[in-house]
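An overview of the molecular structure
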Amino acid sequence: MIARLLILLVRGWQLGPSAVMPPTCRYQPSCSAYAITALRRYGALKGGWLSVKRIARCHPWGGYGPDPVP
């Protein structure tokens, strides 16, 4: 149930602010798509943690390229 709420928040981000901002994602899939997949696969606790770690890696000195959900 908590995972569903978090997925709704991520979808809100995708349809709201992310839709009007220029695409700048360094990874494939995007951080929001990664978060939804992680939340569906692992639930709120582990999926949320994986999502937070991924967002923390998304900075100019971070990596880039393919980064699938484990």
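Residues numbered from 1 in each chain as written. Predicted model: local features only at pLDDT ≥ 70, side-chain atom pairs only at ≥ 80, totals over all residues. Heavy atoms only, no water.

Going by an unreviewed UniProt entry, the chain carries the name Putative membrane protein insertion efficiency factor and comes from Sphingomonas gellani. Of the chain, the UniProt comment under Subcellular location (unreviewed entry) reads exactly: "Cell membrane". Per its UniProt entry, the chain bears the Function (unreviewed entry) comment "Could be involved in insertion of integral membrane proteins into the membrane." (UniProt positions renumbered as here; feature names shortened; annotations may be inferred.)

1. A word on the overall build of the chain
When helices and strands are counted, the chain shows three helices and two strands. Reading the chain from its N terminus to its C terminus gives the helix and strand order α-α-β-α-β. Computed over the C-alpha atoms, the radius of gyration of the chain is 12 Å, within 12% of the 11 Å expected from 2.2 N^0.38 for a compact globule of 70 residues. Principal-axis analysis of the C-alpha atoms places the extent of the chain at approximately 35 × 25 × 15 Å. Within the chain, buried positions represent 30% of all 70 residues. Restricting the contact set of the chain to residue pairs at least 6 apart, pairs at least 24 apart contribute 68%. A total accessible area of about 5000 Å² is found for the chain, and carbon and sulfur atoms account for 69% of it. (Helix = DSSP H or I, 4+ residues; strand = E, 2+ residues; numbered from the N terminus. Rg over C-alpha atoms; globule rule 2.2 N^0.38 Å. Buried < 20%, exposed > 50% of the residue type's maximum accessible area, 1.4 Å probe, protein only. Contact = heavy atoms within 4.5 Å. Areas by Shrake-Rupley, 256 points an atom, 1.4 Å probe, with all protein chains shown as cover.)

2. Focus on unusual backbone geometry
Note that the residue after Q28, namely P29, is joined by a cis bond; omega there is 0°. Structurally, P29 can be placed in the loop between β1 (27-28) and α3 (31-57).

3. What to know about the confidence of the model for the chain
Taken residue by residue, the chain gives an average pLDDT of 92. The fraction at 70 or more is 100%. Here helix α2 (residues 17-20) is the element of the chain with the lowest mean pLDDT, 88, and α3 is the one with the highest, 95. (pLDDT = per-residue confidence, 0-100.)

4. Details of the packing of aromatic side chains
Enumeration over the complete set of coordinates arrives at zero aromatic pairs. When the ring centre of Y27 is taken as origin, the NZ or CZ atom of R57, which lies over that ring, is 5.8 Å away. (Phe/Tyr/Trp six-rings, centres within 6.5 Å; stacked < 30°, edge-to-face > 60°. Lys NZ or Arg CZ within 6 Å of the ring centre and 35° of its normal.)

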